[in-house]
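Chain by chain, the residues:
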2 protein chains.
Amino acid sequence: MTVRIGILGYGNLGKGVELAIRQNDDMELAAVYTRRDPATVKIATEGVAVRTVADLDTGNEPIDVLIICGGSATDLPEQTPKYAALYNVVDSFDTHARIPEHFANVNAAATGANNVALISCGWDPGLFSLNRLFGNCFIPEGKDYTFWGKGISQGHSDALRRIPGVADAKQYTIPVPEALEAARSGQNPELTTRQKHTRECWVVLEEGADPEAIREQIVTMPNYFDEYDVTVNFISQEELDRDHAAMPHGGFVLRSGQMASGDTSVIEYSLKLDSNPNFTSSVLVSYARAVARLAAEGSTGAKTVFDIAPAYLSPFDGDYLRAHML
Amino acid sequence: MTVRIGILGYGNLGKGVELAIRQNDDMELAAVYTRRDPATVKIATEGVAVRTVADLDTGNEPIDVLIICGGSATDLPEQTPKYAALYNVVDSFDTHARIPEHFANVNAAATGANNVALISCGWDPGLFSLNRLFGNCFIPEGKDYTFWGKGISQGHSDALRRIPGVADAKQYTIPVPEALEAARSGQNPELTTRQKHTRECWVVLEEGADPEAIREQIVTMPNYFDEYDVTVNFISQEELDRDHAAMPHGGFVLRSGQMASGDTSVIEYSLKLDSNPNFTSSVLVSYARAVARLAAEGSTGAKTVFDIAPAYLSPFDGDYLRAHML
């Protein structure tokens, strides 16, 4: 079975999905859908159409799964329910607090149309979520730790760029090595926000801006920076473009606790990614395979990574998986 | 729903399952089944019967899932198909090369009886297998690394004890730190058997045995030791009992490779376990919950961890999991 993928939105994530499909022989890119004028969007794959988002409205596009590559703030809450009523879909909705509401909306749309809709896929939410769930099952009495980084936080970079006088900026979230070691120790330490992560800012000033005033605004910014140890570095636009254009990320999920016997167990899962969007895309493509298979079996409704048996993700069949990976 | 668990075999693993049930409020121990005289087996749980293995033959024991805690060499190939024809079962069959054959035998028995039978559960095979599968999906072009330890290898300890002149022995498998770092680097190094692990032996000699002759026999033993750097320490039985009675284990599964874009991704999963059997038991109990639920839904046949959606493992429902762990 070849899975025909549609990509909605051609930003970093959409471009990553396009590339990830090339590493999966049983998947093919059917079309890219854009809100821009399709004539202005040049994609990396020859012979594949760029179409307008309005073309999706018929529900008749020749795709098995639509991977929706929009943003969580405004795009996905609208797009995913809309297109789940027309196609099988996958999204990477990552506003943790709004997941229950998003799930309910998407589930109503997908169930009514007999489609499968996987929400909140990627690595967090996604693979990190799986490891939180597994950890809580296997170590029922314990503590969870999630560390992010070292990596670029889009939200914190955006917050820096909204400060008047800041021309451009990137922010790295960095786990504190001592906190990571403490979590690994199995001693179940209590760790504060400040103890777990530091934040490193690379800021390009507009002409005439006062660096000390801006530094003060950054380190006192509520929610984003005030609870952290923050370093602020001022550099030129050329330096920012040269040294901070990549999108690395990653992190750690740990669960530690005591078995009923009193013995300690520690589970650790980590990712080290040169490119956050390219790895996330690869996860989305694997889960799109699972969605196509579940839909072919007659499954319907909204799903999360918790609902997908791992074998559905793989291009290999059960015999192969048992012989080679079990 | 309360899941009533039967335990077949009351060794380290069976005892661990008994304890693990105490950390799961929705599970209860129904009975322990033994091949010994039940009157001679004292279990840790008051008010629960120890029964003879023959009592299982009716198929009428009041249990939802039987966790079979026998050995992979001779017990499980016989027991799991036999009891899968009578009950839902879970085993921890870990002879990797014979898994396809075991699966086929168990599947025939379970399917014919409309039972669910999960084989090869635990951490390797089991959780490590899941991470091999996930890693191969998300990084299709890459390399796998599995490291074991630091921990007691039962098979290697047994091999030492079979040497004439050896009264008792324990063997630790130890990952080589430099090899682990190389695997983490994302450079996809080729690592030989000798480069990946060292083996550390703690040996009690029988009176009059020649230590140098026994050391030579150990380090040249084919399959077990000849391809490794081995250290052999001779100690007294008292020292062995005092310092090497615990059963720690653990290990690392890594997958590293390049996305289609050329960016490198590294996934690492690791376990650090004070007690191998007690953690393994906790994994078996979580999967027994999944087996009970699958059976209640009408599923039948042999399964592996690849076939179980993660949500089935948790005592919490979908709403809770999405709100708290996604």
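Above: the structure in question.
These figures come from a predicted structure and were not determined experimentally.

1. Details of the interface of chain A and chain B
Then, in step 1: Counting from both sides, the interface comprises 64 residues of chain A and, opposite them, 64 residues of chain B.
Then, in step 2: Summed over the shared surface of chain A and chain B, the result is zero salt bridges.
Then, in step 3: Inspection of the chain A/chain B interface yields 30 residue pairs in polar contact (both at pLDDT 80 or more).
Then, in step 4: For the side of chain A that touches chain B, the secondary-structure elements that each account for two or more residues are helix H3 (99-112), helix H4 (127-138), strand E13 (264-273), helix H10 (276-296) and helix H11 (318-324) of chain A.

2. Some details on the relation of the copies chain A and chain B
The two chain copies are connected by a rotation around an axis plus a translation along it.
Then, in step 1: Mapping chain A onto chain B is achieved by rotating through 180° and translating by 0.0 Å along the same axis, at an RMSD of 0.0 Å. In short, the pair behaves as if placed about a two-fold rotation axis. It is Ala309(A) whose C-alpha, among those of chain A, lies nearest the rotation axis, at 1.9 Å.
Then, in step 2: Looking at chain A, 100% of its interface residues are interface residues in chain B too, so the copies touch through the same face.

3. Digging into the pattern of salt bridges
All names here are of chain A.
Then, in step 1: A full pass over the atoms with the stated rule returns 38 salt bridges over all chains.
Then, in step 2: With its nearest N and O atoms 2.7 Å apart, the salt bridge here joins glutamate 61 to arginine 51. On the criterion of sequence distance, the pair formed by glutamate 61 in the loop between strand E3 (49-52) and strand E4 (65-68) and arginine 51 in strand E3 is long-range, its members being 10 residues apart.
Then, in step 3: A relative accessible area of 29% means that arginine 51 is categorised as partly exposed.
Then, in step 4: A salt bridge links glutamate 268 to arginine 184; the nearest nitrogen and oxygen atoms lie 2.8 Å apart. Of this pair, glutamate 268 sits in strand E13 while arginine 184 sits in helix H6 (residues 177-184), placing them 84 residues apart in sequence.
Then, in step 5: Residue glutamate 268 is classed as buried on the basis of its relative accessible area of 10%.
Then, in step 6: Sharing partners across several salt bridges, the network here consists of Arg51, Asp55 and Glu61.

4. So, the sheet that holds strand E5 (residues 89-91) of chain B
All names here are of chain B.
Then, in step 1: The parallel open sheet is built from seven strands, whose spatial order is E3-E2-E1-E4-E5-E6-E14. The sheet terminates laterally at strand E3 (49-52) and strand E14 (301-303), the two strands that pair on one side only. Neighbour to neighbour, the strand axes of the sheet diverge by 25° on average, direction disregarded.
Then, in step 2: Pairing between E5 and strand E6 (residues 116-118): two bridges, direction parallel. Within E6, the residue paired with valine 90 across the bridge is leucine 118.
Then, in step 3: Here helix H1 (residues 12-21) sits on the sheet in contact with strand E1 (3-8), strand E2 (27-34) and strand E4 (65-68), set at roughly 165° to E1.
Then, in step 4: Its contacts with the sheet put helix H10 (residues 276-296) on E1, E2, E4, E5 and E6, and the angle it makes with E4 is roughly 145°.

5. Let's talk about the packing of H4(A) against H10(B)
Then, in step 1: The contact between H4(A) and H10(B) brings their axes to 8 Å, and the two run at 110°. As judged from the angle between their axes, H4(A) and H10(B) are roughly perpendicular. Residues Phe134(A), Cys137(A) and Phe138(A) of H4(A) form the contact with H10(B), whose own contacting residues are Phe279(B), Ser282(B), Val283(B), Ser286(B) and Tyr287(B).
Then, in step 2: For the contact of H4(A) with H10(B), the class distribution of residues is six nonpolar, two polar and no charged.

6. Digging into the environment of Leu205(A)
All names here are of chain A.
Then, in step 1: Here leucine 205 is to be found in strand E10 (residues 197-205).
Then, in step 2: A relative accessible area of 25% means that leucine 205 is categorised as partly exposed.
Then, in step 3: Leaving out residues up to four positions away in the same chain, leucine 205 has contacts with Gly165, Ala167, Pro211, Ile214 and Phe234.

What counts and what doesn't
Residues numbered from 1 in each chain as written. Chains lettered and ligands numbered in written order. Predicted model: local features only at pLDDT ≥ 70, side-chain atom pairs only at ≥ 80, totals over all residues. Heavy atoms only, no water. Contact = heavy atoms within 4.5 Å. Salt bridge = Lys/Arg side-chain N within 4 Å of Asp/Glu carboxyl O. Polar contact = N/O pair within 3.5 Å; in protein donor to acceptor, adjacent residues only side chain to side chain. Helix = DSSP H or I, 4+ residues; strand = E, 2+ residues; numbered from the N terminus. Least-squares fit on C-alpha atoms with pLDDT ≥ 70 in both. Buried < 20%, exposed > 50% of the residue type's maximum accessible area, 1.4 Å probe, protein only. Pairing = 2+ DSSP bridges. Axes fitted to C-alpha atoms, helices over the stretch in contact; angles between N-to-C directions. Parallel < 35°, antiparallel > 145°, perpendicular 65-115°, else oblique. Nonpolar A, V, L, I, M, F, W, Y, C, P; charged D, E, K, R; others polar.

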